Amino acid sequence: DTLFHSRYIQLLLSLTIIGFLLRFYNLGFNSLWLDEASTHTFASLSIPGIWEATMGGEFNPPIFYWTEHVMLLFGNNEFVLRFIPALLGVLTIPLIYLIGKEFVDRNVGIIAAAAFAFSPFLIFYSQEARAYSMMLFFVALAMLFCLKALRTNDFQNWILFGVFSALAFWTHFYAI
């Protein structure tokens, strides 16, 4: 019922669908490039092997590689390796709306979600088998709960801020 009466929900749903189409269009078309091949190499290791590699010299933390390791169960191709970054790129669109809404109001949320959905830079990174989309997803969740915690001083929001901040950091060190 809310879907048919709230123009904000309609706009957000439309932006999310468009963001999905932009991020999944030709997702498996291009061959893996050097960094994506590196992702494939690490994701092909065992779960303990990924841990050892990330502790023994690989600069990036293990969460993204562990996720990609599980994805390789569904196939060993470009589309499968890029699926999680593309999906998280799409799921970040409504998070950006919620951040904008929490920070200012629903109008700012829609404008921010639209900018995020159509950003060529963010579309490009959502179509790459690297940890950037996952890190941004967790950073957006952390930011959302930080804003809520600052407004309400609710202990649960502070905990969720900490959890998602830690997940962002363990996805990619640039999250710091």
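Refer to the structure printed above.
(A) Here's a closer look at the environment of P61. As for its placement among the helices and strands, P61 is situated in the loop between helix 4 (47-55) and helix 5 (63-71). Here P61 falls in the buried class, since its relative accessible area comes to 2%. Linking P61 and F121, residues 60 residues apart in sequence, is a C-alpha distance of 23 Å. In contact with P61, other than residues within four places in its own chain, are T54, F169, W170, T171, H172 and F173.

(B) Layout of the nonpolar core. Judged by nonpolar contacts, the single largest core of 35 residues is most densely connected at I93, M134, F138 and L141. Put simply, the parts of the chain that give this core at least two residues each are helix 2 (7-24), helix 4, helix 5, helix 6 (78-103), helix 7 (106-118), helix 9 (132-152) and helix 10 (155-171). The element that contributes the greatest number of residues to this core is helix 9, accounting for 9 residues. Filtering out sequence-adjacent residues up to four positions away, F138 remains in contact with F164, L167, A168 and T171.

(C) Geometry of empty space enclosed by the protein. Following the criterion strictly, the structure yields 1 cavity of 30 Å³ or more and no others. Taken as a whole, the largest cavity holds about 50 Å³ of empty space. Along its surface, the largest cavity is lined by N60, P61, F64, Y65, R130, A131, Y132, T171 and H172. Taken together, the residues that form the lining of the largest cavity break down as 5 nonpolar, 3 polar and 1 charged.

(D) Region of interest: helix 6. With 26 residues, helix 6 ought to run about 38 Å at 1.5 Å a step, and its terminal C-alpha atoms sit 37 Å apart, in line with that. Along its length, helix 6 reaches its greatest deviation from straightness, about 30°, at I84, and the proline P85 lies no more than four positions downstream. For helix 6, the side-chain oxygen to backbone nitrogen distance between the N-cap and F79 is 3.1 Å, and the N-cap itself is N77.

So, how was this worked out
- Residues numbered from 1 in each chain as written.
- Predicted model: local features only at pLDDT ≥ 70, side-chain atom pairs only at ≥ 80, totals over all residues.
- Heavy atoms only, no water.
- Helix = DSSP H or I, 4+ residues; strand = E, 2+ residues; numbered from the N terminus.
- Buried < 20%, exposed > 50% of the residue type's maximum accessible area, 1.4 Å probe, protein only.
- Contact = heavy atoms within 4.5 Å.
- Core = buried A, V, L, I, M, F, W, Y, C linked by side-chain atoms within 4.5 Å.
- 1 Å grid on protein atoms, 1.4 Å probe; cavity = no way out; pocket = protein on both sides within 12 Å on 5 of 7 lines; lining within 4 Å.
- Points joined across faces, edges and corners; volume = space filled by probe spheres on them.
- Nonpolar A, V, L, I, M, F, W, Y, C, P; charged D, E, K, R; others polar.
- Expected span 1.5 Å × (residues − 1).
- Bend = angle between axes of the 7 residues up to and from the residue.
- Polar contact = N/O pair within 3.5 Å; in protein donor to acceptor, adjacent residues only side chain to side chain.

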